[in-house]
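Here are the chains, one letter per residue:
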Amino acid sequence: MRITVVGGGYVGLVSAACFADTGHFVTIVDTDPVKVDMINSKKPPIYEKGLLDILKRTVGKNLSASTEYESVTDSDISLICVGTPPGEDGSANLEYIRAAASSIGTIIGKTTGRYHVVAVKSTVPPGTTENIVKPYVLKSSKKTDDDIGFVMNPEFLREGLAVYDFMNPDRIVIGSKSRKAADIAEKLYSGIKGEILHTETTAAEMIKYTSNAFLATKISFSNEIGNICKILGIDVYDVMKGVGMDHRISPFFLNAGAGFGGSCFPKDVSALVSLAKSKGINPVLLNSVLDVNENQPLKMVEILEKRTGPLKNKKIAVLGLAFKDNTDDIRDSRSIPVICALLKKGAQVSAYDPMATNTMRKVYPDVEYCSSSSDALCDADGCLIMTEWPEFSELNDEFNLMKSKVIIEGRRILSINEREGICW
Ligand code: UGA
């Protein structure tokens, strides 16, 4: 099949690369010429395990990138993979969705006699595909839905594992009012094994939000139980291991810690809250999920202060800046509110992350960024572990460099006796 993927971010780029790797002819359209040049030179603009190898195999053969939408002319399907960043009230900003829909429609309007499917992969509030994408495409193309089909096909990729997740999906959700359009979307996945679920368009949109909200709820739930366990002197990891052995619960996303970050969970739960409120519903549980997540990282600083006394002029090492391991992404990382609280209290922060120091430098230019854990720990009065980088699990003698060995973990990763966990 011939596919145009609009948006070369991590969903668009990984989807495009993986579809090309299964034999389709794919063009990525992105407004950023630098990104386009990088893709065409087989250089991934983001780090994703396995992506470089796929670009090497496919670029110049059946994958290319462009700043223009012309490839829509001979494509069977266009996939909208643009960002939906949060607006000030937490609701999803759909301006890039509208722009992509109009641009795709304009090109479809210039072609004759070819049925085209427009599929939305971006995370969008229920109703967006039918009430925004469809009217924008139809208006700019001056065609009808006899000529163009509309599909919502959400993505469930984890950053860092996106290629693996794409090739090994738990499910492929295809939402559409049109069977013809849904069948064409299904053909995209002929090279990938995964159960296909056909739904209404709005249900597909809601499945994406609900999946992320449920996973976020599992984490905040585990954190709340962890906070209770800490007071009771119980190991929350033993508790959650026993709880997760119940097949109805499953062992995943029960790791208590400093809370969830990243570009998806905080944004998507907030968007769902905002959507519910706009319909007159007070989403009590989802609000609590966000509340627990806001307060959780601050507990790191509370525990630290209890151990060290006032933080003014104390040197505090923060190990881990990325929102999770194996990424340089710091979006909504729990280390951001922690560093903010430390600086407010007058602490001197020395920070280290294997990949994310350069990105964090833009947020907090005044922090001392170190090139190793040892450098950050040298003469420190306390240490906070914020990201589950595997290299931190090997730290041991390095802690002897500290002035005083106060080590608080926001991620369960160390094996030394002196560590104190945020909720263990
Ligand atoms: C998440 C979902 O896992 C994907 O299925 C989804 O497609 C993606 O959002 C998205 O909507 O695009 P991602 O943000 O890459 O993926 O990261 P996760 O691996 O899910 O981790 C999110 C946060 O939760 C991290 O800060 C992580 O440290 C934290 N977490 C995760 C916990 O605190 N405890 C856990 O048990 C698991």
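Please refer to the structure placed before this passage.
Everything numeric here is computed off the predicted structure, so don't read it as measured data.

What counts as what
- Residues numbered from 1 in each chain as written.
- Predicted model: local features only at pLDDT ≥ 70, side-chain atom pairs only at ≥ 80, totals over all residues.
- Heavy atoms only, no water.
- Near = heavy atom within 4 Å.
- Areas by Shrake-Rupley, 256 points an atom, 1.4 Å probe, with all protein chains shown as cover.
- Helix = DSSP H or I, 4+ residues; strand = E, 2+ residues; numbered from the N terminus.
- Nonpolar A, V, L, I, M, F, W, Y, C, P; charged D, E, K, R; others polar.
- Domains from an automatic or database assignment.
- Buried < 20%, exposed > 50% of the residue type's maximum accessible area, 1.4 Å probe, protein only.
- Right-handed = clockwise from strand over helix to strand, strands pointing away.
- Pairing = 2+ DSSP bridges.

## Things to note about the site of the ligand
As a structural note, the neighbourhood of the ligand is formed by 22 residues, with Leu157, Glu159, Lys208, Asn212 and Cys264 the closest of them. Computed on the free molecule, the ligand has an accessible area of 710 Å², of which 92% lies beneath the protein chains in the complex. Contributing elements (two or more residues each) for the shell around the ligand: α8 (201–232) and α10 (265–278). It is α8 that provides the largest number of residues to the shell around the ligand, a total of 3 residues. Along the lines of polarity and charge, the residues of the shell around the ligand split into 10 nonpolar, 4 polar and 8 charged. Counting contributing residues per domain, the shell around the ligand is built from domain 1 (2–200) and domain 2 (298–421), each supplying no fewer than three.

## Focus on unusual backbone geometry
Even without a glycine there, the phi angle at Asn313 is positive, about 65 degrees. Examined against the element boundaries, Asn313 turns out to sit in the loop between α11 (284–308) and β9 (315–319). Given a relative accessible area of 55%, Asn313 falls into the exposed group. For Asp332, which is not glycine, the phi dihedral falls at a positive 55 degrees. The residue Asp332 is located in the loop between β9 and α12 (335–344) in this model.

## Side note on the pairing of strand β10 (residues 348–352)
In terms of residue burial, β10 counts as a mostly covered element, since 4 of its 5 residues are buried. Where the polypeptide runs from β9 across α12 and back to β10, its parallel neighbour, the crossover connection is right-handed. By the bridge criterion, 2 bridges tie β10 to strand β11 (residues 368–369) in an arrangement that is parallel. Bridge pairing in β11 links Ser350 to Glu368. Chirality of the crossover, the property in question, places the unit of β10, helix α13 (residues 357–363) and β11 among those that are right-handed.

## Things to note about the sheet that holds β9
Strand order in the open sheet made by the 6 strands is β11-β10-β9-β12-β13-β14, with parallel pairing throughout. Of all strands in the sheet, those with a lone pairing partner are β11 and β14 (419–421), marking the two edges.

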